[in-house]
Amino acid sequence: MGVARTPRDRWVEEGLRALADGGPDAVRVEALAKRLGVTKGGFYGYFADRDALLAAMLDTWERESTDEVIEQVEREGGDPRTKARRAGMLTFSDDRLLPIDLAVRDWARRDEAVAERLRRVDNRRMDLLREMFGTFCSDPDEVEARGLIAFCVAIGHHSLAADHQGRTRAEVLARAADLIMDNTRDR
């Protein structure tokens, strides 16, 4: 009886972990095989080379961070504000997608093909925000500004090291979300 091959998805998943941990240079076939506890020979049954693995990793990231997030948001329903918050939480608060997303953003600074892929993903995300914000805001300029602010907060707060004068980061983020979503109320 032969030994079962390591499934293709495990190579992709391990590649995504390596990407999140150390960027694209950390995605090396031999290192992945070691982390998986297998020889690298099985890799070539699925991928022609490292570039094919990198493309498969980006495909997985794109599908999970757009298609699957949008499907889950729609499936779980709610009003547009709830849907927009849920999309952000699924994408930027997750221990899996967030580190990959941040690594792809860094990679895109040095690779035009990755930058183009990131642009496509971010455009889909902005389209969702426009749709959601457009349900309670009729000014297209304000819709665009709210989308940009929401996106910048979702991505940028992970890199911010500032204190918030007696408030927790979570409290400030919740208040920022209220302002962006036009849920203004006295606190």
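Provided above is the structure to which this section pertains.
Here we summarise the structure given alongside this text. (Residues numbered from 1 in each chain as written. Predicted model: local features only at pLDDT ≥ 70, side-chain atom pairs only at ≥ 80, totals over all residues. Heavy atoms only, no water.)

**Section: helix H2 (residues 29–36)**
Of the positions making up H2, those classed as buried are Val29, Leu32, Ala33 and Leu36. The arc enclosing the buried residues of H2, seen along the axis, measures out at 100 degrees, which places them on a common side. Counted as exposed and oriented over 90 degrees from the buried face of H2: Glu30 and Lys34. (Buried < 20%, exposed > 50% of the residue type's maximum accessible area, 1.4 Å probe, protein only. Helix = DSSP H or I, 4+ residues; strand = E, 2+ residues; numbered from the N terminus. Arc of directions from axis to C-beta.)

**Section: the nonpolar core**
Formed by 27 residues in total, the largest nonpolar core has its most connected members in Leu19, Val27, Leu53 and Met57. Those elements giving two or more residues to this core turn out to be helix H1 (8–22), H2, helix H3 (50–76), helix H5 (97–108) and helix H6 (112–133). Here this core takes six residues from H3, the largest share from any one element. When residues no more than four places from it in sequence are discounted, the contact partners of valine 27 are Gly15, Ala18, Leu19, Leu32, Arg50, Leu53, Leu54 and Met57. (Core = buried A, V, L, I, M, F, W, Y, C linked by side-chain atoms within 4.5 Å. Contact = heavy atoms within 4.5 Å.)

**Digging into the packing of aromatic side chains**
Here the structure, examined in full by the defined rule, presents six aromatic pairs. Relative to tyrosine 44, the ring of phenylalanine 43 lies with its centre 4.9 Å away and its plane at 85 degrees, an arrangement referred to as edge-to-face. A relative accessible area of 0% places phenylalanine 43 in the buried class. A centroid spacing of 5.8 Å and a plane angle of 55 degrees characterise the contact between phenylalanine 92 and phenylalanine 151, whose relative ring orientation is tilted. Residue phenylalanine 92 is found in helix H4 (residues 80–92), and its partner phenylalanine 151 is found in helix H7 (residues 140–156); the two are separated by 59 residues along the sequence. (Phe/Tyr/Trp six-rings, centres within 6.5 Å; stacked < 30°, edge-to-face > 60°.)

**Quick look at the pattern of salt bridges**
Here the structure, examined in full by the defined rule, presents 25 salt bridges. With a closest N to O distance of 2.4 Å, glutamate 64 and arginine 96 form a salt bridge. Highlighted residues: glutamate 64 in helix H3 and arginine 96 in the loop between H4 and H5, separated in sequence by 32 residues. Residue glutamate 64 is classed as buried on the basis of its relative accessible area of 15%. Here arginine 96 falls in the partly exposed class, since its relative accessible area comes to 27%. Among the charged side chains, a network of salt bridges with common partners joins Glu14, Arg17, Asp21 and Arg35. (Salt bridge = Lys/Arg side-chain N within 4 Å of Asp/Glu carboxyl O.)

**Describing the side chain of glutamate 62**
With respect to the element layout, glutamate 62 can be found in helix H3. For glutamate 62, the residues in contact, after removing those within four places along its chain, are Asp67, Arg117, Arg120 and Val121.

**What to know about the side chain of lysine 83**
Tracing the backbone shows lysine 83 in helix H4. Under the relative-accessibility criterion, lysine 83 is labelled buried at 16%. Beyond its immediate sequence surroundings of up to four residues, lysine 83 is in contact with Val73, Glu74, Gly77, Gly78 and Met132.

**A look at the packing of H4 against H5**
The contact between H4 and H5 brings their axes to 6 Å, and the two run at 75 degrees. Relative to H5, H4 is oriented roughly perpendicular. The segment H4 lies against H5, with Leu90, Thr91 and Phe92 engaging Leu97, Leu98 and Asp101. Of the residues contributing to the contact of H4 with H5, the split by class is four nonpolar, one polar and one charged. (Axes fitted to C-alpha atoms, helices over the stretch in contact; angles between N-to-C directions. Parallel < 35°, antiparallel > 145°, perpendicular 65-115°, else oblique. Nonpolar A, V, L, I, M, F, W, Y, C, P; charged D, E, K, R; others polar.)

**Considering unusual backbone geometry**
Even without a glycine there, the phi angle at glutamine 165 is positive, about 45 degrees. Relative to the helices and strands, glutamine 165 is located in the loop between H7 and helix H8 (169–180). Overall, glutamine 165 belongs to the exposed group, its relative accessible area being 74%.

**Description of the packing of H1 against H5**
Angle between the axes and distance between the axes: these two values describe a pair of packed helices. Where H1 contacts H5, the two axes come as close as 8 Å, and the packing angle between them is 65 degrees. Relative to H5, H1 is oriented roughly perpendicular. H1 and H5 meet at a crossing whose hand is left-handed. For the pair H1 and H5, contact is made by Leu16, Leu19 and Ala20 and by Pro99, Ile100, Ala103, Val104 and Trp107, respectively. A class-by-class count of the residues in the contact of H1 with H5 yields eight nonpolar, no polar and no charged. (Left-handed = near helix turned anticlockwise from the far one by under 90°.)

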